[in-house]
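Overview (structure and organization)
These are the residues of each chain, in order.
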Amino acid sequence: MSSAKPDVSPPARRLPLHWLGILPFAAFVTLFLILPTMKIVVGAFQTPDGSFTLENIRGLFTPSILAAYWISIKISIASALLGCLIGFAMASAIVFGGLPKGIRGPLLTFSGVASNFAGVPLAFAFLATLGPVGIVTVFLRSNFGLDLRMLGFNLLSFWGLTVTYLFFQIPLMILIITPALDGLKREWREAAEILGATGFQYWRLVAFPILLPSLLGTLALLFANAFGAVATAIALTGSSLSIVPILLFAQIRGDVLGNPHLGYALAFGMIVVTGIANAIYIWLRGRSERWLK
């Protein structure tokens, strides 16, 4: 007798449904991040007729553009350093400072909102507060005879833009460094105290070396965050401060004297600078996570 084998057909391939959830995000990233970035990179090496050229990249090394990059870098460094110092102090206060537990939640919630508050609303808020006819400016001049301009402070200047950037730099520092501070194990401090270390020695020899990669990585991230802030700088300073976002806007806004491909090159330079800063952050963040796991 011959036994007939059942006809077993291979199961039909099915679309893995677990990927459907990220399709909207993938489409959003592709349309508004990847494709525009590719257009910028390609346009930086093209002439208006579409042929290849390095002239746009050479244009980045003119004195005016180099000066704009240098001012943008200095503003980014200043706001990143101040943001790290102030944010670290505030995060340390809520983690180790013995503050009421009810303060931590609202502070972190506010930091999550404020770290994304930028652009025209932020510029308007600072102009209405510290501008030439702002609330604080008029109050100090009327009641105490203090003129901020006479004291050397001008919101439409290097330090004015730096102070404005601190509004989102400090909260971002708090959000990033708080988990790192929470990761410091209590056993490490107890072991240091058993061995006779003071509080200063514990921070200098144990805690600070462990936190150093996180601190340096966050500093790099804050630098990239400030360097890539375009809308806030344009809305606040207009053309009164020659920084890269202002020059970029002037080249691509469609004026007769504008050169869109030079604007692409300016944007390409910003992508390179922020990309290097973000790569440093990712590398240092990975090093710190090995200690804090």
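Throughout what follows, the structure given in this document is the object of discussion. Source: prediction; values computed, not measured.

This part takes up the pattern of salt bridges. Taken as a whole, this structure holds three salt bridges when the rule is applied. A salt bridge links Glu55 to Arg58, with the nearest nitrogen and oxygen atoms 3.2 Å apart. Remark: Arg58 and Glu55 occur in helix α2 (residues 55-59); sequence separation between them is three residues, near one turn of the helix. A salt bridge links Asp182 to Arg104; its shortest N-O distance comes to 2.5 Å. Here Asp182 is found in helix α7 (residues 158-182), whereas its partner Arg104 is found in helix α4 (residues 101-114), with 78 residues between them in sequence.

This part is about the side chain of Thr162. Following the sequence through the fold, Thr162 ends up in helix α7. Exposure remark for Thr162: the relative accessible area of 0% places this residue in the buried category. When neighbours within four sequence positions are excluded, Thr162 is seen to be in contact with Ile75, Ala78, Ser79 and Leu82.

A full pass over the atoms with the stated rule returns 13 aromatic pairs. When the ring of Tyr69 is compared with that of Phe227, the centres are 6.3 Å apart and the planes differ by 25°; the resulting orientation is stacked. With a gap of 158 residues between them, Tyr69 in helix α3 (residues 63-96) and Phe227 in helix α9 (residues 199-227) connect regions that are remote in the sequence. This pair shows no difference in class: Tyr69 is buried, exactly as Phe227 is. Ring geometry for Phe126 and Phe167: centres 6.2 Å apart, planes at 85°, overall edge-to-face. Placement of Phe126 in helix α5 (residues 120-130) and of Phe167 in helix α7 is noted, with a sequence separation of 41 residues between them. Among the aromatic residues, those joined into a cluster by ring pairs are Phe110, Phe117, Phe126 and Phe167.

Bringing the side chain of Thr178 into the picture now. Relative to the helices and strands, Thr178 is located in helix α7. Owing to a relative accessible area of 2%, Thr178 belongs among the buried residues under this scheme. Looking at Thr178, its side chain comes within polar contact range of the main-chain oxygen of Ile174, at 2.6 Å. Not counting the four nearest positions on each side in its chain, Thr178 is found in contact with Ala91, Ile94, Val95, Arg104 and Leu108.

Attention now goes to the environment of Leu99. Examined against the element boundaries, Leu99 turns out to sit in the loop between α3 and α4. Residues in contact with Leu99, not counting those within four places in the same chain, are Ala93 and Ile94.

With 38 residues, the main nonpolar core has Leu60, Tyr69, Ile177 and Leu184 as its most contacted residues. At the level of elements, α3, α7, α9, α11 (244-252) and α12 (260-292) are the ones that each hand at least two residues to this core. Non-local contacts of Tyr69, meaning those with residues more than four positions away in its chain, are made with Leu60, Phe227, Val244, Ala265, Leu266, Gly269 and Met270. Listed in part, the 15 residues of the second largest apolar core include Leu122, Leu155, Ala226 and Ile246.

Cut-offs and rules
Residues numbered from 1 in each chain as written. Predicted model: local features only at pLDDT ≥ 70, side-chain atom pairs only at ≥ 80, totals over all residues. Heavy atoms only, no water. Salt bridge = Lys/Arg side-chain N within 4 Å of Asp/Glu carboxyl O. Helix = DSSP H or I, 4+ residues; strand = E, 2+ residues; numbered from the N terminus. Buried < 20%, exposed > 50% of the residue type's maximum accessible area, 1.4 Å probe, protein only. Contact = heavy atoms within 4.5 Å. Phe/Tyr/Trp six-rings, centres within 6.5 Å; stacked < 30°, edge-to-face > 60°. Polar contact = N/O pair within 3.5 Å; in protein donor to acceptor, adjacent residues only side chain to side chain. Core = buried A, V, L, I, M, F, W, Y, C linked by side-chain atoms within 4.5 Å.

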